[in-house]
Amino acid sequence: MAINLQKGQRQTINAPKFVIGLGWDANASSTGTSFDLDASLFVMGENKKILSDQHFIFYNNLVSPDGSVEHTGDNLTGEGSGDDEQIKIDLAKADSKITEICIVVTIHDAEARRQNFGQVRNSFIRIFDPVTNEVLLKYELEEDFSIETAVEFGRIYKRNDEWKFEAVGVGMKGGLQDYLNKYN
């Protein structure tokens, strides 16, 4: 049975291999331009900085150097039900230097398209077992991010040799470059 988390809640992940599913629905755009939301991951060490450029996982760099994080590819429309983008995680392969994986969703070219997360609804992140498809954890974003163009959905972190998930749900007015500046 899935554990539904609230913002700020933390939960131990009792599975070495799992999939992160991210989903959303865009409102009909008042700008006349379609939405393209992108999931990105920042694979970090103790200092809360990306271990290397190859540890920034996104649509142009799909796999971490150790193979522990694999983005399955960019969904350009977000149409349909279920997950819009997925990331496969295998913690057994994770480099011992990895202590945190930050999961962020940004709106591609948001400023030029005059789009923000206030125009996005039904956003969620879920962690599920890829063999049984059992949902282990789920967090639905309930806030109205009316000026934000990027949202940190959650983070996976290691504490006392145990991996946990935290439902973050914090928005940022800015794009992917702002997160790169924060974690580089």
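Provided above is the structure to which this section pertains.
Residues numbered from 1 in each chain as written. Predicted model: local features only at pLDDT ≥ 70, side-chain atom pairs only at ≥ 80, totals over all residues. Heavy atoms only, no water.

(A) Structural view of the nonpolar core. By size, the foremost hydrophobic cluster in this structure holds 36 residues, and its most contacted members are I20, L22, I156 and F165. Of all elements in the fold, only β3 (17-26), β4 (37-44), β7 (85-90), β8 (100-107), β9 (120-128), β10 (135-140), β11 (150-159) and β12 (162-172) reach the threshold of two or more residues within this core. Ranked by size, the runner-up nonpolar core spans 12 residues in total, among them I50, F56, C102 and V104. (Core = buried A, V, L, I, M, F, W, Y, C linked by side-chain atoms within 4.5 Å. Buried < 20%, exposed > 50% of the residue type's maximum accessible area, 1.4 Å probe, protein only. Helix = DSSP H or I, 4+ residues; strand = E, 2+ residues; numbered from the N terminus.)

(B) A look at the pattern of salt bridges. Inspection of every chain in the model, using the stated rule, returns 7 salt bridges. With a shortest N-O distance of 3.3 Å, E166 and R10 are connected by a salt bridge. With E166 in strand β12 and R10 in strand β2 (residues 10-12), this pair connects stretches of sequence that are 156 residues apart. Judged by its relative accessible area of 12%, E166 falls in the buried class. Judged by relative accessible area, R10 falls into the partly exposed class, the value being 47%. Close ionic contact of K48 with E100 constitutes a salt bridge, the shortest N to O distance being 2.7 Å. (Salt bridge = Lys/Arg side-chain N within 4 Å of Asp/Glu carboxyl O.)

(C) Focus on the sheet that holds β11. Spatial ordering of the open sheet is given by β2-β12-β11-β8-β4-β5, a layout of 6 strands whose pairing is antiparallel. Among the strands making up the open sheet, the edge pair consists of β2 and β5 (56-57). In this sheet, β8 lies alongside β4 in antiparallel orientation, the contact comprising 8 bridges. Bridge pairing links L37 to I107 in β8. Together, β4, β5, β8, β11 and β12 form the strand contacts of helix α2 (residues 176-183), whose direction differs from that of β4 by roughly 5°. (Pairing = 2+ DSSP bridges. Contact = heavy atoms within 4.5 Å. Axes fitted to C-alpha atoms, helices over the stretch in contact; angles between N-to-C directions.)

(D) The side chain of T149, seen in detail. Mapping T149 onto the fold places it in the loop between β10 and β11. Ignoring anything within four residues of it in the chain, the contact list for T149 reads V105, T106, I107, A110, Q115, N116, F117, M172, K173, G174 and G175.

(E) Spatial organisation of the sheet that holds β10. Spatial ordering of the open sheet is given by β1-β10-β9-β3-β7-β6, a layout of 6 strands whose pairing is mixed. Since the sheet does not close on itself, it has two edges, and those belong to β1 (3-5) and β6 (69-71), each with one partner. With direction set aside, neighbouring strand axes in the sheet form an average angle of 15°.

(F) Highlighting the environment of Q86. Assignment of secondary structure puts Q86 in strand β7. Along the chain, Q86 and V135 lie 49 residues apart, while their C-alpha atoms are 13 Å from each other. Filtering out sequence-adjacent residues up to four positions away, Q86 remains in contact with V19, I20, G21, E70, H71, T72, R126 and F128.

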